[in-house]
Amino acid sequence: MAHYKAADSKREQFRRYLEKSGVLDTLTKVLVALYEEPEKPNSALDFLKHHLGAATPENPEIELLRLELAEMKEKYEAIIEENKKLKTKLAQYEPPQEEKRAE
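Heads up: these notes are all about the structure in this document. (Residues numbered from 1 in each chain as written. Predicted model: local features only at pLDDT ≥ 70, side-chain atom pairs only at ≥ 80, totals over all residues. Heavy atoms only, no water.)

**Points about the overall build of the protein chain**
The condition is simple: For the purposes of this entry, the term helix denotes a DSSP run of H or I that reaches at least four residues, the term strand denotes a run of E that reaches at least two, and both are numbered from the N terminus. When a residue's accessible area, from a 1.4 Å probe over protein chains only, is under 20% of the maximum for its type it is buried; when over 50% it is exposed; and in between it is partly exposed. Note on areas: Shrake-Rupley with a 1.4 Å probe; residue coverage comes only from the protein chains shown.
When helices and strands are counted, the protein chain shows five helices and zero strands. In sequence order, the secondary structure elements of the protein chain are arranged as α-α-α-α-α. Counting all 103 residues of the protein chain, 4% fall into the buried class. For the protein chain, the accessible area works out to roughly 10000 Å², and carbon and sulfur atoms hold 58% of it.

Below, the structure written as structure tokens:
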């Protein structure tokens, strides 16, 4: 019987911890939102993941990485364009393939 009370006490402590940290409230809100969905999603788990992820604040480091990625994409596109122009210029000065073989 003492073992049962210890387990029950631990459960109660854990429940209070979840309640105090706002986990129970957040889960309840997401589950209510799922319940109130007129058309249930194919994957309830994906619904929960999406809504729980949206509830957390954005990590500033993630935003910095997104900005850096956007800058790198712009630079990449500019370099690709420059490469095309340089290849076109180079082709003007190189002899055609047939002339190279004749030499």
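**Considerations on the pattern of salt bridges**
Short version of the rule: Each reported salt bridge corresponds to a side-chain nitrogen of Lys or Arg within 4 Å of a carboxyl oxygen of Asp or Glu.
Within this structure, the stated rule accounts for five salt bridges. Notably, a salt bridge pairs Arg15 with Glu19, separated by 2.5 Å at the nearest N-O pair. Of this pair, Arg15 and Glu19 both sit in helix H1 (residues 2-21), four residues apart, roughly one helical turn. Judged by its relative accessible area of 35%, Arg15 is partly exposed. Where Arg66 meets Glu63, a salt bridge forms, and the shortest distance between an N and an O atom there is 3.8 Å. Residue Arg66 and its partner Glu63 are both found in helix H4 (residues 60-93); the two are separated by three residues, about one turn of the helix. Taken together, the shared-partner salt bridges connect Glu12, Arg15, Arg16 and Glu19 into one network.

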